[in-house]
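Observations on the three-dimensional arrangement
What follows is each chain in one-letter form.
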Amino acid sequence: MKQSKSSKTWNFYKKNSWKLGVLILSIVIFYFVIHKIELKINSIETYGKIYEKKRIVSGMRVGPLYKYKFWFIYEGKKHFGESIKTLEGENNIGKVFKVIVSMNEPENYEILFDQEFVEKYIVDKNGNKKTLYFFKKN
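Heads up: these notes are all about the structure in this document. (Residues numbered from 1 in each chain as written. Predicted model: local features only at pLDDT ≥ 70, side-chain atom pairs only at ≥ 80, totals over all residues. Heavy atoms only, no water.)

Further remarks concern the environment of Ile 122. Relative to the assigned elements, Ile 122 resides in strand β5 (residues 109–123). Linking Ile 122 and Leu 132, residues ten residues apart in sequence, is a C-alpha distance of 7.7 Å. With near-sequence residues (within four places) excluded, Ile 122 lies in contact with Asn 128, Lys 129, Lys 130 and Leu 132. (Helix = DSSP H or I, 4+ residues; strand = E, 2+ residues; numbered from the N terminus. Contact = heavy atoms within 4.5 Å.)

Structure, rendered in structure tokens:
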């Protein structure tokens, strides 16, 4: 008895589906590695301030997970970002941390929660407000 075309396709898929999975996984890993390498090579440092903290609710209870939203200035424009990295403490709104931003793609960024800074504002003789950042000692 002759197999139909759809059953041949299904049998081929069943035999080779793991190859497709490995290919997709390889592409995803390659994409993330390229972004990390590009961020390390072509990046500048700036400062980001947390403005919102949302609790992430999941089906399994794994402890409190939070999504931090922050903004940073790059090339004179305000950019917004998100992170689900772990940050100690309860009241984190308004805290300032170092952000590494790709010079080629400002959408490629990473906030460094282990490097907290303090903002100090000064006004010069002309009335221009400048912001200085100082590393916060624990």
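That was the structure; now back to the text.
Within the secondary structure, Lys 53 is located in strand β1 (residues 43–56). When the C-alpha positions of Lys 53 and Tyr 66 are compared, they lie 6.4 Å apart, and in sequence the two are 13 residues distant. Among all residues touching Lys 53, those that are not within four sequence positions of it are Tyr 66, Lys 67, Tyr 68, Gly 89, Glu 90, Asn 92 and Ile 93.

Within this structure, the stated rule accounts for eleven aromatic pairs. Relative to Phe 80, the ring of Tyr 51 has its centre 5.8 Å away and its plane inclined at 80°; by these criteria the two rings are edge-to-face. Linking Tyr 51 in strand β1 with Phe 80 in strand β3 (residues 77–83), this pair joins segments that are 29 residues apart in sequence. Under the relative-accessibility criterion, Tyr 51 is labelled partly exposed at 36%. Consider the rings of Tyr 68 and Phe 113, whose centres lie 5.4 Å apart with planes at 70°: the pair is edge-to-face. Note that Tyr 68 is positioned in strand β2 (residues 65–74) and Phe 113 in strand β5, a separation of 45 residues in sequence. The class for Tyr 68 is buried, based on a relative accessible area of 1%. The class for Phe 113 is buried, based on a relative accessible area of 11%. Clustering of aromatic rings is evident, with ring pairs tying together Tyr 47, Phe 117, Tyr 133 and Phe 135. (Phe/Tyr/Trp six-rings, centres within 6.5 Å; stacked < 30°, edge-to-face > 60°. Buried < 20%, exposed > 50% of the residue type's maximum accessible area, 1.4 Å probe, protein only.)

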